[in-house]
Amino acid sequence: MNDLSFLNEMEKASGEKISGCYQCYRCTIGCPVVADMDLYPHRVIRYIVLGERERVLTSKTIWTCLQCVTCSVRCPNDIDIAHVFDALRKIAVKEQKEAETDTWKFDQYFMDSVKKHGRLHEIETVLRYKIEKKDFFGDAKMGMGMFIKGRMGILPHNIKDRKGLKEMFKRLEDKKIGG
Amino acid sequence: MRTLTYYPGCSLKTSSKFYETSIREVFSAYDIGLKELDDWSCCGASAAHTINETIAHALVARNLSLAEQENYPLFAPCSACYNRSKITNERLRADKELRDEVNRANEPLKCLGTLEVKNIIEVLSEYAGVERIARKIAYDLSGLKVVPYYGCVLTRIMNMETFDDKENPTSMDTLLWATGAEVAEWPFKMECCGASKTLTNKETTLRLSSSIMDMAITMGADAIVTPCPLCQLNLDILPYLGRGARNLPVLFLSEIFELALFGKLSGAGSHIIPVDEAIKKVIKVKTINTYEQRKNNGDD
């Protein structure tokens, strides 16, 4: 443990006291998607302390996370582990080290839609994502089914003050990544 | 008549429109008035905080500042909206630096973080109240066995007191009990449905939602009841996600109230998994199972 720079970087980026972890494994034991992870959550935390920057930033784990926050709520040291993963995602994307790009891409399309209309335009967001993935018919049946049941709108819901909303995005977007 | 500022969120205007209709019908039966927040915008849900946390707070703060001018408590029926609103509200109140930054971005709007933010369980518990709920029952739900499914984000909120236990909530159980339905104790109250991975990783949502459905079937339930529109949708689209096994209807909390009050569901046609079997269990007897009688029978 010679190099604490990554630990310091992550404690600052997430605002969480990562060094408080004493490896009780409660986060890992409670995680509903741990089977799909390449690094167990408690190990991610430990690797941050040990300064294993590359291993953590390139891990699949931070993208497998569902942000269900079970780990965070159970942590006896009040470390919001899901929030640490969220902070890791931002750094991984900034440095183009992300192990999986789908989650970020979808979240970004989601935000583009909100920025444009003020409210999420579901079908536009989904179609943009599907086109990007070149997956045109994968969920067509589901889409039709939802449409028939009246659960998929066609037109966007625009708010009145879109100008003010866009202004807010502009003021904050380039300022810093992550906040 | 008590009034709340109503923040629908995107889901209640699109994929879960019938949830809004249901809430309005039930609330008016208990004299709870809803005044929809003018020109509200998306709360950013699960996406915004991943992309940029300050923008996530600013998006919520925009709605909070509009609601602060109204002077009623804010009612957010969607669990994600409630979760994000609650977090930003508390953070902005406590953290002046963040509050100033967010308010600068949202100018001329100004958010103080002084609002009371409430979810549907809180509103029904506090504004209608268990006793009034039980008194108003017009249909017998005792033949309907339900499992209460809270979902992740309603009570799992870090760094603050939540309205119910974070990992073993019981407030919705109490409400359901008050409607006269049979409430099963089960271990999957808080299990994750797969959340927003439905598009990016269908297999995860299928696996997680399917195991919730399986557990509900094992418990001998007739329906799963949830207050969260995302949980409801993920479970309701299970047939489309590729689940071949049997599915139980997934009802919104307010829909159980609809059954108890009116004996029917206004949004029955919007459910993907058919709800007819569950409704049939309700209408058979015209109420008599009133609060007083159950009390006299020693049922409580």
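Remember, it's a predicted structure, so these values are computed and weren't measured experimentally. (Residues numbered from 1 in each chain as written. Chains lettered and ligands numbered in written order. Predicted model: local features only at pLDDT ≥ 70, side-chain atom pairs only at ≥ 80, totals over all residues. Heavy atoms only, no water.)

### So, the sheet that holds strand β3 (residues 74-75) of chain B
Residue and element names in this part refer to chain B. Applied cut-off: Any two strands between which DSSP finds at least two bridges are classified as paired. Helix numbers and strand numbers start at the N terminus; a helix is a DSSP run of H or I with at least 4 residues, a strand a run of E with at least 2. Contacts are assigned to residue pairs with any non-hydrogen atoms lying within 4.5 Å of each other. To obtain each axis, a line is fitted to C-alpha atoms, and for helices this fit is confined to the stretch in contact; angles are then taken between N-to-C directions over 0 to 180 degrees.
Pairing in this open sheet of 4 strands is parallel, and the strands run β2-β1-β3-β4 from one edge to the other. At either margin of the open sheet sits one strand with a lone partner, and together these are β2 (32-36) and β4 (117-118). The strands that helix α1 (residues 17-29) touches are β1 (2-6), β2 and β3; relative to β2, the one it contacts most, it runs at about 140°.

### Observations regarding the domain arrangement of chain A
Defined as follows: Domain start and stop points were drawn from an automatic or database domain assignment.
The domain architecture assigned to chain A consists of domain 1 (5-94) and domain 2 (102-173). Each of domain 1 of chain A and domain 2 of chain A has a C-alpha centre, and the two are 29 Å apart.

### As for the packing of aromatic side chains
Note on aromatic pairs: each is described by the distance of the centres and the angle between the planes. The condition is simple: For Phe, Tyr and Trp, where Trp contributes only its six-membered ring, two rings pair if their centres lie within 6.5 Å, and the inter-plane angle classes them as stacked under 30 degrees, edge-to-face over 60, or tilted in between. Think of it in three bands: with a 1.4 Å probe and only protein chains considered, a residue is buried below 20% of the maximum accessible area for its type, exposed above 50%, and partly exposed in between. A positively charged side chain is recorded as over a ring if its NZ (Lys) or CZ (Arg) lies within 6 Å of the ring centre. The angle to the ring normal must also be within 35 degrees.
Using the criterion set out here, one finds 11 aromatic pairs over all chains in the structure. With 6.2 Å between their ring centres and 80° between their planes, Tyr 30 of chain B and Phe 257 of chain B make a pair best called edge-to-face. Of this pair, Tyr 30 of chain B sits in the loop between α1 and β2 while Phe 257 of chain B sits in helix α13 (residues 253-262), and the two are 227 residues apart along the sequence. The same class applies to Tyr 30 of chain B and to Phe 257 of chain B, which are both buried. Centre to centre, the rings of Tyr 82 of chain B and Phe 163 of chain B are 6.4 Å apart; their planes meet at 90°, and the pair counts as edge-to-face. You can see Tyr 82 of chain B sitting in helix α4 (residues 79-94) and its partner Phe 163 of chain B sitting in the loop between β5 (145-148) and α8 (171-178), a full 81 residues away along the chain. Owing to a relative accessible area of 1%, Tyr 82 of chain B belongs among the buried residues under this scheme. Feature note: the residues Tyr 6, Phe 27 and Phe 75 of chain B constitute an aromatic cluster, connected by ring pairs. The positively charged end of Arg 119 of chain A is found above the aromatic ring belonging to Trp 40 of chain B, 3.5 Å away from the centroid.

### Some thoughts on the nonpolar core
Just so we agree on the cut-off: Think of a nonpolar core as a cluster: buried Ala, Val, Leu, Ile, Met, Phe, Trp, Tyr and Cys residues, connected wherever their side-chain atoms sit within 4.5 Å.
Among the nonpolar cores identified, the biggest contains 125 residues, and Ile 48 and Leu 88 of chain A together with Phe 27, Leu 124 and Leu 253 of chain B are the most heavily contacted of them. Ignoring any residue separated from it by four or fewer positions in sequence, one finds Leu 253 of chain B in contact with Ile 120, Ile 121, Leu 124, Met 172, Leu 175, Leu 176, Val 225, Thr 226 and Pro 227 of chain B. Judged by nonpolar contacts, the second largest core, of 25 residues, contains Met 152 of chain A together with Val 147, Phe 188 and Ala 221 of chain B.

### Describing the side chain of Gln 67 of chain A
What counts here: Pairing of N or O atoms within 3.5 Å defines a polar contact, subject to two protein rules: one partner must be a possible hydrogen donor and the other a possible acceptor, and residues neighboring in sequence count only if both atoms are side-chain atoms.
Within the fold, Gln 67 of chain A resides in the loop between α5 (61-64) and α6 (70-74). In this structure the side chain of Gln 67 of chain A is engaged in a polar contact, spanning 2.9 Å, whose partner is the backbone oxygen of Ala 82 of chain A. What Gln 67 of chain A contacts, discounting residues up to four positions off in sequence, is Ala 82, Phe 85, Asp 86 and Arg 89 of chain A together with His 49 of chain B.

### Concerning the pattern of salt bridges
Side chains that carry opposite charge are capable of pairing whenever their charged atoms lie near each other. Rules: By salt bridge we mean one thing: a side-chain nitrogen of Lys or Arg within 4 Å of a carboxyl oxygen of Asp or Glu.
Applying the stated criterion to the full structure yields 37 salt bridges over all chains. A salt bridge links Lys 13 of chain B to Glu 20 of chain B; its shortest N-O distance comes to 2.8 Å. The two residues Lys 13 of chain B and Glu 20 of chain B agree in class, both being buried. Here the residues in one salt-bridge network are Glu 9, Arg 53, Glu 54, Glu 95 and Lys 97 of chain A, joined through shared partners.

### Points about the side chain of His 42 of chain A
Residue and element names in this part refer to chain A. For His 42, the location among the structural elements is in helix α3 (residues 41-50). For His 42, a relative accessible area of 6% translates into the label buried. Contacts of His 42, omitting those with residues within four sequence positions, involve Gln 23, Tyr 25, Cys 27 and Thr 28.

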